[in-house]
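So you can see what is in the structure, the chains are spelled out below.
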Amino acid sequence: MAEALYRKYRPQIFEDVVGQEQIERTIKNAIEQDKVSHAYLFCGPRGTGKTTTARLLAKALLCEKGPTPDPDGTCEDCQMIAEGVHPDVYELDAASRTGVENVREEIINRVQFAPTRGRYKVYIIDEVHMLSIAAFNALLKTMEEPPEHVIFILATTEVQKVPVTILSRCQRYDFTRITADDIAGRLLYVAGQEKIELDENAAQLIGRLADGAM
């Protein structure tokens, strides 16, 4: 089966992330200085790199050379994270699993156990604003006193719907819309790799119509 281009060209290292250089630099500095937070909140419009950056942070923490600000993406741990099969990286889509039972079953009942392979267990919760109030309350208790080996990365397109109690326990990063020039540049790169003819003006037009989302 043909691999979708967005999967094939999803950034595997921090340097490949387009348009969020300041966020990538801040995260890399924190890893370098051993100042990793136990909870992050990545917020911003869709298609700006929130989930991708969450996975890259997981790689940086669990890489065989890690914790490292420059995971190379080639070790077994990095590749398992990229494929979504690493036993210490849990991805929960809150849009489809909103209830308190999901949070209890997939997070709270498991956090106390030590990581299987690495130093950390990383929980990535996408569209976290979709969780029910009961689920947020259950999550809050764990976030207030998390085990040392647990890192939470929450991602949302609607930060105003996330309770203040959760916000106050996270390091917040606001992802901005990607410029049309940056999107066009990435499109031209992908087209070149795929041997697809793409006119520069067409790439610019697509970049503008994309409305800031890669």
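For the structure itself, look to the data block above.
This one's a predicted model, so the numbers in the text were calculated from it and none came from an experiment.

Draft legend 1. Broad picture of the overall build of the protein chain. Looking only at helices and strands, the protein chain features 9 helices and 5 strands. Starting at the N terminus, the α and β elements of the protein chain follow one another as α-α-β-α-α-β-α-β-α-β-α-β-α-α. Taking 214 residues into account, the globule formula puts the C-alpha radius of gyration at 17 Å, and the protein chain, at 18 Å, falls close to it. Projected onto the principal axes, the alpha-carbon positions of the protein chain cover approximately 55 × 40 × 35 Å. Classification of the 214 residues of the protein chain by burial places 46% in the buried group. In the protein chain, of all internal contacts separated by at least 6 residues, the share reaching a separation of at least 24 is 76%. Taking the 25 positively charged and 33 negatively charged side chains of the protein chain as two groups, their mean positions are separated by 3 Å.

Draft legend 2. Representation of the sheet that holds strand β5 (residues 171-174) in the model. Ordered by their spatial adjacency, 5 strands build an open sheet running β2-β3-β4-β1-β5, and the pairing between neighbours is parallel. With partners counted over all chains shown, the strands left at the sheet margins are β2 (89-93) and β5, one partner each. Between one strand axis and the next, the sheet turns by 15 degrees as a mean value, whatever way the strands run. Summarising the sheet, strand β1 (residues 39-43) and β5 pair through 4 bridges and their orientation is parallel.

Draft legend 3. Representation of unusual backbone geometry within the structure. A positive phi angle, near 50 degrees, is found at E127, a position not held by glycine. Secondary-structure assignment places E127 in the loop between β3 (121-126) and α6 (133-144). Non-glycine residue D211 carries a positive phi angle of around 60 degrees. Structurally, D211 can be placed in the segment after α9 (200-209).

Draft legend 4. Broad picture of the pattern of salt bridges. If you walk through the whole model with that rule in mind, you get 10 salt bridges. The partner of K28 in a salt bridge is E15, with the nearest N and O atoms 2.5 Å apart. Of this pair, K28 sits in helix α2 (residues 21-32) while E15 sits in the loop between α1 (5-8) and α2, placing them 13 residues apart in sequence. Judged by relative accessible area, E15 falls into the exposed class, the value being 51%. Salt-bridge contacts for E158 lead to K161; the nearest nitrogen and oxygen are separated by 2.8 Å. Take K161: its relative accessible area is 47%, and that puts it in the partly exposed class.

Draft legend 5. Layout of α2. An ideal rise of 1.5 Å per residue puts 16 Å on 12 residues; α2 measures up with 16 Å between its terminal C-alpha atoms. Among the residues making up α2, those that are buried are I23, E24, I27, K28, A30 and I31. Take α2 and look down its axis: the buried residues cluster within an arc of 160 degrees, on one side only. Looking at α2, the residues exposed on the side facing more than 90 degrees away from the buried face are Q22 and E32. Check the buried side of α2 and you find it contacts β1, α3 (50-62) and β5.

Draft legend 6. Quick look at the nonpolar core. Within the largest apolar cluster, 26 residues are counted, with the highest numbers of intra-cluster contacts made by L139, F152, L154 and I166. Sorting the residues of this core by element identifies β1, α5 (100-108), β3, α6 and β4 (150-156) as the ones contributing at least two each. Top element by residues in this core is α6. It accounts for 6 residues. With near-sequence residues (within four places) excluded, I166 lies in contact with F136, L139, L140, M143 and L154. In this structure, A54, I81, V89 and Y173 belong to the second largest nonpolar core, which totals 23 residues.

Draft legend 7. Up close: the packing of α3 against helix α4 (residues 76-83). In contact at an axis separation of 9 Å, α3 and α4 are set at 160 degrees when each is read in the N-to-C sense. In this view, α3 runs roughly antiparallel relative to α4, as classed from their interaxial angle. Of the two elements, α3 crosses α4, and the hand of that crossing is right-handed. Taking contact as the criterion, the partners of R55, A58, K59 and L62 in α3 are, on α4, D77, C78, I81 and A82. Each residue belonging to the contact of α3 with α4 can be placed in one class, and the counts come to 5 nonpolar, no polar and 3 charged.

Basis of the calculations
Residues numbered from 1 in each chain as written. Predicted model: local features only at pLDDT ≥ 70, side-chain atom pairs only at ≥ 80, totals over all residues. Heavy atoms only, no water. Helix = DSSP H or I, 4+ residues; strand = E, 2+ residues; numbered from the N terminus. Rg over C-alpha atoms; globule rule 2.2 N^0.38 Å. Buried < 20%, exposed > 50% of the residue type's maximum accessible area, 1.4 Å probe, protein only. Contact = heavy atoms within 4.5 Å. Lys, Arg positive; Asp, Glu negative; His and termini not counted. Charge placed at Lys NZ, Arg CZ, Asp CG, Glu CD. Pairing = 2+ DSSP bridges. Axes fitted to C-alpha atoms, helices over the stretch in contact; angles between N-to-C directions. Salt bridge = Lys/Arg side-chain N within 4 Å of Asp/Glu carboxyl O. Expected span 1.5 Å × (residues − 1). Arc of directions from axis to C-beta. Core = buried A, V, L, I, M, F, W, Y, C linked by side-chain atoms within 4.5 Å. Parallel < 35°, antiparallel > 145°, perpendicular 65-115°, else oblique. Left-handed = near helix turned anticlockwise from the far one by under 90°. Nonpolar A, V, L, I, M, F, W, Y, C, P; charged D, E, K, R; others polar.

Shape is all these values report; function is a separate question.
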